[in-house]
Amino acid sequence: MPLRAVALRALALVRALVAALRGRLDALCWSLQPLSLILLGWSRSPTLSAAAPAGSQWEEWEATTPTPTSVNYHFTRQCNYKCGFCFHTAKTSFVLPLEEAKRGLKMLKEAGMEKINFSGGEPFLQDRGEFVGKLVQFCKQELKLPSVSIVSNGSLIRERWFKKYGEYLDILAISCDSFEEEVNALIGRGQGKKSHVENLHKLRQWCREYVVAFKINSVINRFNVGEDMNQQIKALNPVRWKVFQCLLIEGENCGEDALREAEKFVISDEEFEEFLARHKDISCLVPESNQKMKDSYLILDEYMRFLNCTKGRKEPSRSILDVGVEAAIKHSGFDEKMFFKRGGKYVWSKADMKLDW
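Each chain carries its own residue numbering, running from 1 in the written order of its sequence. Only residues with pLDDT of 70 or above have their local features reported here, since the model is predicted, and side-chain atom pairs are shown and tallied only from 80 upward, although totals for entire chains, interfaces and linings are computed over all residues. To get the side-chain values, take all heavy atoms of the structure and skip hydrogens and water.

- You'll find the protein entered in an unreviewed UniProt entry as S-adenosylmethionine-dependent nucleotide dehydratase RSAD2, with Tricholaema leucomelas given as the organism.
- UniProt positions are given in the numbering used here, feature names are shortened, and annotations may be inferred rather than shown by experiment. Of the comments in the UniProt record for the protein, the one headed Sequence similarities (unreviewed entry) reads "Belongs to the radical SAM superfamily. RSAD2 family."

**Focus on the pattern of salt bridges**
Logical step 1: Salt bridges, as used here, are contacts in which a Lys or Arg side-chain nitrogen is within 4 Å of a carboxyl oxygen on Asp or Glu. Summed over the entire model, instances satisfying the criterion amount to 12 salt bridges.
Logical step 2: A salt bridge links Arg305 to Asp301, with the shortest nitrogen-to-oxygen separation between them at 2.8 Å. Across the pair, exposure class does not vary: Arg305 and Asp301 are buried alike.
Logical step 3: Among the charged side chains, a network of salt bridges with common partners joins Lys242, Glu288 and Arg342. With a 1.4 Å probe rolled over the protein chains alone, any residue whose accessible area is under 20% of its type maximum counts as buried; one over 50% counts as exposed, and the rest are partly exposed.

**A look at the pairing of strand 2 (residues 115-119)**
For a regular strand, the rule is simple: side chains alternate between the two faces of the sheet.
Logical step 1: Most of strand 2 is tucked away, with five of its five residues classed as buried.
Logical step 2: Of the two faces of strand 2, the one carrying Lys115, Asn117 and Ser119 and the one carrying Ile116 and Phe118 are both buried.
Logical step 3: A pair of strands counts as paired when DSSP detects no fewer than two bridges linking them. Per the convention used, a helix needs a DSSP run of H or I reaching at least four residues, while a strand needs a run of E reaching at least two, with both numbered from the N terminus. The pairing of strand 1 (residues 70-74) with strand 2 spans five bridges and is parallel. The residue of strand 2 that forms the bridge with His74 is Ser119.
Logical step 4: With the strands aimed away from the viewer, a crossover counts as right-handed if its path from the first strand over the helix to the second runs clockwise. The parallel pair strand 1 and strand 2, bridged by helix 4 (residues 98-110), forms a crossover whose chirality is right-handed.
Logical step 5: As judged from the four bridges shared by strand 2 and strand 3 (residues 147-152), these two strands associate in the parallel manner. Along strand 3, the bridge assignment pairs Lys115 with Ser147.
Logical step 6: For the crossover from strand 2 across helix 5 (residues 130-142) to strand 3, the handedness is right-handed.

Written as structure tokens, this is what we have:
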């Protein structure tokens, strides 16, 4: 084997080892956090710079505390794809210990959560899908949530996962931005010679066999905005086709400290509307422009902090595990009215769906 190849392989192994050790160290620090530091005002998550309103505004601020009806829990930032427009990039390798994650999910259920969506990063990277599988089972079997869903790129899902956990999952959303493999490669959604589109059809079949509602998420960007997806979407027949406009988030996919440079993927509002018009006959299409998307999602990060995107970047609250859901959600920037306006609450339990196979 050439010396350069040996050196590159050794470097890759070292990087993987460092990432693994960093994750273990994060988890160890989490579990050994001294109680005395908590009593002194220190916590696992930084305090937001924005303070609560003072004086007469306090009562109004208190009264507008939203309910966490639907929560998107990004429990990992690690991913095996490199999508150029990704706005939740792999800045840490931290994943909460399973029991701590369950504790936080129980708190959210008690605060009014009806739907949980597990996302990333790539959710199936952690313990080969066992981690997210155990969370899915916990949320459906013990918390008895009406809706449990996952967003994944689909590349790591195996049929054995459906056999073990499929009955507890209401919706599986697979990200697919193009039905042309060359475009997927340009975007960064792919692994070597594996076909993202062929895998999509395989997952669709497994969802049918194991009675899981199948959904597709597409980010419309510079490389796919001219594509006609009518035929492929109708053939796959998802329960929902969520169509997002490419969104810039400072510090994630744009700006000096970002891991991605998504500016080249951005499209105009007019181009987005043209794409929607081209697919207007698809009844399951759910469009989400930047305006609708930015503040109408409750996003929980790997430390169980709500992420406030109102200023164009993700500003974390304190962890719900430290301060509780009610205190943390006040700093989330969540626009509850926009959530309902964009159709954020729908028939999301597979028990209530008329799945058309």
